[in-house]
Amino acid sequence: MRALITAAVYRSRATLMAFVFLLLGGYGAYQAIPKEANPDVTIPMMYVSMGLEGISPEDAERLLVRPMEQELRTLAGVKKMTSTASEGHASVMLEFDAGFNPKQALQDVREKVDATRSKLPQEVDEPVVHEINVSLFPVLSVALSGPLSEAEMVMIARRLKDEIEGIAEVLEVDIGGDREDVLEILVDPQVLDSYGIDYTQLFNLVSRNNRLVAAGSLDTGAGRLAIKVPGVIENLEDVMGMPIKVNGDNVVTFGDVATLHRTFKDPAGFARINDQPGVVLEVSKRAGANIIDTIDQVKQLLAAAAPLLPEGVTIDYIMDQSLQVESMLSDLLNNVLTAVVLVLILIVLTMGMRSAVMVGLTIPGAFLSGILIIWAIGFTMNIIVLFALILVAGMLVDGAIVVSELADRNLHEGQAPKQAWVNAAHRMSWPVIASTITTLAVFAPLLFWPGVVGEFMKYLPATVIICLLASLAMALVFLPTMGGLTRQQQRKTPVKVVGLTQYRALLSRLLQRPGLTLAGTLVIIGLVYAGYARFNHGVEFFPSIEPDSAQLQVRARGDLSVYEKDAILQEVEQRLQGMSEVKALYARSFAMADNQMGSDVIGVLQFQFVDWFQRRPASAIKDTMLALTADIPGIILDFRQQQMGPGGGKPVELRLNGQSEASVAQATELLRGAMVELGGFIDIEDDRSLPGIEWRLKVDREAAARLGADVLSVGNAVQLVTNGLKLATYRPEDATDEVDIRVRVPASFRSLDQLSRLTLNTNRGQVPLSHFVTFSSAAKVGTLHRVDGRRTITIKADIGEGYRLDERLSALREQVKSLPDGVNLVVAGEDADQREAGQFLMTAFGVAIFMMTLILVTQFNSLYQTALVLSAIVFSTAGVLIGLLLNGQSFGIVMVGMGIIALAGIVVNNNIVLIDTFNQLRADGMNPTEAALETGSLRLRPVLLTAITTVLGLMPMVLGINVDLLGPSLGIGAPSTQWWTQLSSAIAGGLSFATLLTLLLTPCMLVLRSGRTVKREG
């Protein structure tokens, strides 16, 4: 190692040139690296969607879901399969094991879907395989609203969509509130009766006259002639002239009996922005594109288009992730800068300006070198990477401080600058390398964290490892080179350390009674654990962050039309209009909610809040909203705030399945009743079918056959009254997809009474349906849910303020000790995620301890000294609990778990250097007590400096303070700091406590062991 250090110091020009290249390269990488809010995580999920208009939930389950499940269950690596069957639609969601190959999995799923296609009904739409990818989620939502007709608004949105998708960085634009085009043929049922139109013949006539005919070409020898037979419907005129009835030489066309117009399918919901009808453009960026630049380009395009829009049309930005990213980048970079400044001030006060400047240069050197590598391996600059940079801000200088402090002592002893720095770097090289490797050994297992949480958090250990390796090069190569260039005068003066005299006196007393010191420490740690057990702030999976947006789900029950549902939503919307803390209000009503929401959700109000420092907390806004709408009868309001991080959904999720649907329903009622009785569970919901009525038309097949009718002809006649009978499709020039051609009766005829009056054209003339069809009502079946091939009912709930998830679930288990026979209960949701994450973190901690033990035994060749260093990790957990208590933080499974693991790597560093110095002094002939006292005195300054610099670097996060030194401004409680308060509090508290143990307990433990050895030898 000396040869490398000497070569770097005495070839200073080449070394410093490499240092400058790293700085410039790192700065260029920072400018080029893509910036985004959350990491681009591959979610191990895919789903297959199937559509068949008008199919009932029971038929969708039997004919669509089960065949698809049967084929997909044979796929390797499938962890969970969730299916839903609803009216007109079915889907199968696949969750794969961690570490799956997305490309291979997608190919395998598509092969299975293709194999199943022949087992599905012919009428079903082509099954589509969807890959879930965070990078495909919208990064910008643009609302268009104004006093225009729906058709005009949709046309404007479609034109803007085409323009925005022309931007290279934009992947796609979806239009929320867009409706499917349809060519509607309205015909009076009496006219159909009078012409005796047969629906099967009508379909055949239209389809045979809407064909692409490949007529070929004719080669006459004197030339080649292309032959074309135009037969595809291209416009309204082609449909108007379409024959629908032929009687001898007489031909009846649609133009003779019907009214044709281009319109949209019946509304499945309505959208409004700030109480104005509108649509929403949801913009997704390409993977790896810079979110800030992409959204800037979209905004510039919209700004240029705004003057060309019709009068009254306004553009609002409901969601803009670039603002969030810019804010987080700004806040976290300010915290990095603040941490660096605090570290430099401390070094200036203790070691002088020259050392502070050199040590200070290693911080941007390590940062920028790390960013260069991060950019080179394809990472993005996201919130996880930025916090990792803050976490290592204080750790980066540990090695530099140790080397610089010893070089400072060498200079005070009269050594020449080059020699002083070479000797210092060589003497501390192995302790610094060992301490860095132990830290890396702690973070390395976190790279293998499974699941979505692991994919989300792996950026932290990767960034820490890269930056620590860069800091090692800074401390042992570049710092000695810069130090060797100084023209410091040789002088022999003692090094002054503030508080050294008082420390020596205290340590001397403790060394006289090392056993008593150990016992006292254990008592203090025991009291800390007892105090935390009594006064803790609960357990949570992931930290709660003040959101930028929230939504209010409106629930109501009953067979309501989409217009009635929208009227209820409008009443709620009117109550909440005009709140100063809401920047934009996006209202959306549904005829049927999607599978991610409860089946009784009739609409959603999406709120975009003003900046966090200009409003009350989201919880207070929620209380106000609920109070304003409390007197609206028949509705339940479910407030859902924006979810940050890998978590999502309600924390409580209980799945029930069994052989008997009645027993499962009974168990559901039992659990729900117990949850209400216990308290602490709020917004409880389950996915059972809602009570309702459906009408069934039962065909007497024998009577129908006698009259020359069948089930298909009855179904065609009924479709005229419901959604319309689909005759064909065509593709007009202004449409991006095929447009259905449907024939249906006018709106005034669409009623249950009309169904009873329908007639069919049969061999015996026009026959009323009532002759062979019986009308009856029955209980309505809503969406059916299946998990791993079994019908399942899922109960979900939030946890009330002041309650803990683990405690409430334990109480529920005590309350409901048995369920009806044959019913199985699976606890999923956040509790399962907590157990999975906790189990991995324990395993990672065990692996880290093993690797650290191996390194330490190699370093010290002593099991006792190795155990002594490792005991500091266990003892430091008391400091973690103190930090959480003092800062009022709950115990976060992910964040505090990572904090303890990270702390393990930081705590051992000072112990390694301290024990290494003790061993050297013992080898020089000092007795154990003198060696321990001298070791503590020599290591007091570097131990305090390395610990305080790390703690200072984290203090902005611990206190939730954002200091803008360039502004200047001060922010307290920014959402970007809320992310990391738990982890920062854990590390700062643990390291502060461990530093006291290192300076006071470790020397006593060394004397305790050495004393026994001496007695045994005597």
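Per chain, the residues get numbers from 1 upward, laid out in the order the sequence is written. Restriction of local features to residues with pLDDT of at least 70 applies here, the model being predicted, together with a cutoff of 80 or more for giving and counting side-chain atom pairs; totals for whole chains, interfaces and linings are based on all residues. Hydrogens and water molecules were not included; the side-chain quantities draw on all heavy atoms of the structure.

Right, let's get into the overall build of the protein chain. Here a helix means four or more residues in a row that DSSP labels H or I, a strand means two or more in a row labelled E, and each is numbered from the N terminus. Within the protein chain, the secondary structure is distributed over 32 helices and 34 strands. Considered along the principal axes of its C-alpha atoms, the protein chain spans approximately 125 × 80 × 55 Å. Categorising residues by exposure relies on relative accessible area from a 1.4 Å probe, with only protein chains included: less than 20% of the type maximum marks a residue as buried, more than 50% marks it as exposed, and the intermediate range marks it as partly exposed. Sorting the 1018 residues of the protein chain into buried and exposed places 53% on the buried side. Pairs at least 24 apart in sequence give 80% of the contacts found in the protein chain among residues at least 6 apart. For the protein chain, the accessible surface area stands at approximately 45500 Å², while carbon and sulfur atoms represent 55% of it. His is not counted, nor are the chain ends; Lys and Arg add positive charge and Asp and Glu add negative charge. Lys charges are placed at NZ, Arg charges at CZ, Asp charges at CG and Glu charges at CD. Measuring between centres, the 84 positive side-chain charges of the protein chain sit 11 Å from its 104 negative side-chain charges. Residue contacts are counted whenever heavy atoms from the two residues lie within 4.5 Å of one another. The accessible surface values rely on the Shrake-Rupley method and a 1.4 Å probe; as for residues, cover is taken only from the protein chains in view.

The next subject is the pairing of strand β1 (residues 42–51). With seven of ten residues buried, β1 is to be regarded as a mostly interior element. Strand pairing follows a simple DSSP-based rule, namely that at least 2 bridges must link the two strands. Bridge analysis of β1 against strand β3 (residues 89–96) gives seven bridges, and the strand direction is antiparallel. Looking at β3, one finds that M50 is bridged to A90.

Only one rule defines a salt bridge in this text: a Lys or Arg side-chain nitrogen within 4 Å of an Asp or Glu carboxyl oxygen. For the structure on display, the rule yields 37 salt bridges. With a shortest N-O distance of 2.9 Å, E669 and R688 are connected by a salt bridge. Residue E669 is found in helix α22 (residues 661–678), and its partner R688 is found in the loop between β22 (681–686) and β23 (693–699); the two are separated by 19 residues along the sequence. A salt bridge links R808 to E807, with the nearest nitrogen and oxygen atoms 2.7 Å apart. In the salt-bridge network here, residues are joined through shared partners; they are E61, E69, E661, R786 and R791.

Looking at the protein chain as a whole, its pLDDT mean stands at 82, while 95% of the residues score no less than 70. Per-residue confidence from the predictor is given as pLDDT, running between 0 and 100. Across residues 1012–1018, where pLDDT falls below 50, the model places zero contacts with residues more than four positions away in sequence or in other chains.

We define a nonpolar core as any set of buried Ala, Val, Leu, Ile, Met, Phe, Trp, Tyr and Cys residues linked to one another through side-chain atoms lying within 4.5 Å. If you look at the biggest cluster of nonpolar residues, it comprises 182 residues, and the most contacted ones within it are L391, W449, M457, L460 and W980. Within the second largest apolar cluster, 43 residues are counted, among which are M242, F254, V714 and F772.

The geometry of helix α3 (residues 57–72) relative to helix α4 (residues 102–116) is characterised by a closest axis approach of 9 Å and an angle of 135° between their N-to-C directions. Classified by the interaxial angle, the pair formed by α3 and α4 is oblique. For the pair α3 and α4, the sense of crossing is right-handed. Along the contact surface, α3 presents P67, M68, E71 and L72, while α4 presents V109, K112, V113, A115 and T116. Its residues assigned to classes, the contact of α3 with α4 shows six nonpolar, one polar and two charged. Inter-axis angles, ranging from 0 to 180 degrees, are taken between N-to-C directions of lines fitted to C-alpha atoms, where helices are fitted over the stretch in contact. We call two directions roughly parallel when the angle between them is under 35 degrees, roughly antiparallel when it is over 145, roughly perpendicular when it lies between 65 and 115, and oblique otherwise. Take the far helix as the reference: if the near one is turned anticlockwise from it by less than a right angle, the crossing is left-handed, and if turned clockwise, right-handed. In the scheme used here, Gly and all other residues not listed as nonpolar or charged are polar, with Ala, Val, Leu, Ile, Met, Phe, Trp, Tyr, Cys and Pro taken as nonpolar and Asp, Glu, Lys and Arg as charged.

Now for the packing of aromatic side chains. Any two rings among Phe, Tyr and Trp, with Trp reduced to its six-membered ring, count as a pair given centres within 6.5 Å; such a pair is stacked if its planes are under 30 degrees apart, edge-to-face if over 60, and tilted if neither. Under the defined criterion, the tally for this structure stands at four aromatic pairs. On the basis of an interplanar angle of 25° and a centroid distance of 5.3 Å, the ring pair of W449 and F840 is categorised as stacked. One end of the pair, W449, is in the loop between α15 (417–443) and α16 (451–457); the other, F840, is in helix α27 (residues 829–860), with 391 residues separating them in the sequence. Residues W449 and F840 agree in their burial class; the two are buried.

On to the sheet that holds strand β12 (residues 259–264). Strand order across the open sheet formed by four strands is β12-β7-β25-β24, with mixed pairing between neighbours. Strands with a single pairing partner mark the edges of an open sheet, and in this sheet they are β12 and β24 (725–730). Taking each pair of neighbouring strands and ignoring which way they run, the sheet shows an average axis angle of 25°. Where strand β7 (residues 181–186) meets β12, six bridges bridge the pair, whose relative direction is antiparallel. Bridge pairing in β12 links L183 to R262. Each of β24 and β25 (739–744) is contacted by helix α7 (residues 199–208), which is oriented at about 0° to β24, the strand it contacts most.

Turning to helix α26 (residues 805–815), a few remarks are in order. Residues of α26 that are buried include every one of L805, R808, L809, A811 and L812, and no others. The arc that holds every buried residue of α26, seen down its axis, measures 160°, which confines them to one face. Summarising the contacts, the buried residues of α26 are in contact with β21 (652–658), α22, β22, β30 (790–799), β31 (823–828) and α27. Note: the arc covers the axis-to-C-beta directions of the helix.

Our focus in this paragraph is unusual backbone geometry. The backbone of N274 sits at a positive phi, close to 50°, despite the residue not being glycine. Positive phi, close to 55°, is recorded for N861, a residue that is not glycine.

A few words on the packing of helix α5 (residues 150–164) against helix α10 (residues 291–305). Close contact between α5 and α10 brings their axes to 11 Å; oriented N to C, the two are set at 135°. Judged on the interaxial angle alone, α10 and α5 are oblique. Classified by chirality, the crossing of α10 by α5 is right-handed. On α10, the residues touching L160, E163 and I164 of α5 are V298, L301, L302 and A305. Across the contact of α5 with α10, the residue classes tally to six nonpolar, no polar and one charged.

Of all six residues that make up β25, six are buried, and the element is covered over most of its length. Across the two faces of β25 the burial is the same, with V739, I741 and V743 and D740, R742 and R744 all buried. The sheet contact formed by β7 and β25 spans five bridges and is parallel. When the bridges of β25 are listed, L183 appears paired with I741. Note: β24 against β25, five bridges, orientation antiparallel. Its bridge partner being in β25, A728 is matched across the sheet by I741.

Patches here: salt-bridge-free residues with over 30% relative accessible area, like charges joined within 9 Å, nonpolar side chains (Val, Leu, Ile, Met, Phe, Trp, Tyr) joined within 5 Å. Taken together, the side chains of E234, E237, D238 and E733 make up a negatively charged region of the molecular surface. Here E237 is to be found in helix α8 (residues 236–240). For E237, a relative accessible area of 58% gives the class exposed.

Among the secondary structure elements, T624 is positioned in helix α21 (residues 618–628). Separated by 547 residues in the primary sequence, T624 and G77 have C-alpha atoms spaced 47 Å apart. Excluding residues within four positions of it along the chain, T624 makes contact with M579 and R616.

One can find R939 in helix α30 (residues 928–959). Residue classification places R939 among the buried positions, given a relative accessible area of 4%. Those residues in contact with R939, other than ones at most four positions away along the chain, are V402, E405, M428, V913, L914 and T917.

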